[in-house]
Amino acid sequence: MTTWTNDELTRIGAAEELEIASLRSDGTLRNPVTIWVVRHGDDLYVRSVNGRTAAWFRGTQVRHEGRIEAGGIEKDVTFVDADPDINDQIDAAYRTKYRRYAASIVNHIVSPAARPATIKLRPR
């Protein structure tokens, strides 16, 4: 299994936004979408503010593979459903990283609708 380097974790984890593009069933990349990313330990996570019904999230569920770009790093990744037991820690990471935004904005990414749409990014 491939793991993130310390440099990748630092740069992607510190990036304000991440571009995410999933692979279609034919192997071509979908158009990238800009989202927020957080680091928790040695892992990186993204979450759909609109829950599991968002188009970009549904795209990640087709092949569970895609590409991300953030912090000057472009990487092919596998999309893994995050362990729901760490949702509180992911919420805390979002609140800490994006605290300069109004609570009304951040509250969407830590909402009960968004939490089930948390993806762990695994490099490949």
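Up top is the structure these notes are about.
Residues numbered from 1 in each chain as written. Predicted model: local features only at pLDDT ≥ 70, side-chain atom pairs only at ≥ 80, totals over all residues. Heavy atoms only, no water.

(A) Inspection of the layout of surface pockets at higher detail. Here the largest pocket defines a volume of roughly 190 Å³. For the largest pocket, the lining is made up of 14 residues, of which Thr 34, Ile 35, Trp 36, Val 49 and Ile 109 are closest to its centre. Listing elements by their share of the lining of the largest pocket, those giving two or more residues are strand 2 (33–35) and helix 4 (103–109). Classifying every residue of the lining of the largest pocket by side-chain character gives eight nonpolar, four polar and two charged. (1 Å grid on protein atoms, 1.4 Å probe; cavity = no way out; pocket = protein on both sides within 12 Å on 5 of 7 lines; lining within 4 Å. Points joined across faces, edges and corners; volume = space filled by probe spheres on them. Helix = DSSP H or I, 4+ residues; strand = E, 2+ residues; numbered from the N terminus. Nonpolar A, V, L, I, M, F, W, Y, C, P; charged D, E, K, R; others polar.)

(B) Examining the environment of Ile 68 more closely. Mapped onto the fold, Ile 68 is located in strand 5 (residues 65–70). Take Ile 68: its relative accessible area is 1%, and that puts it in the buried class. Excluding its chain neighbours within four sequence positions, the residues that come into contact with Ile 68 are Trp 4, Ile 12, Leu 18, Glu 19, Ile 20, Ile 73, Glu 74, Lys 75, Val 77 and Leu 121. (Buried < 20%, exposed > 50% of the residue type's maximum accessible area, 1.4 Å probe, protein only. Contact = heavy atoms within 4.5 Å.)

(C) Just the pattern of salt bridges, in detail. Taken as a whole and assessed by the stated rule, the structure comprises eleven salt bridges. Between Asp 91 and Arg 47 there is a salt bridge; the shortest N-O distance is 2.5 Å. Here Asp 91 is found in helix 3 (residues 87–97), whereas its partner Arg 47 is found in strand 4 (residues 43–47), with 44 residues between them in sequence. Asp 91 gets classed as buried once you look at its relative accessible area, which sits at 5%. When its relative accessible area of 2% is taken as the criterion, Arg 47 is described as buried. In this structure, Arg 63 and Glu 65 form a salt bridge, with 3.4 Å as the shortest nitrogen-oxygen distance. Counted as one network, the salt bridges with shared partners bring together Arg 47, Asp 88, Asp 91 and Arg 115. (Salt bridge = Lys/Arg side-chain N within 4 Å of Asp/Glu carboxyl O.)

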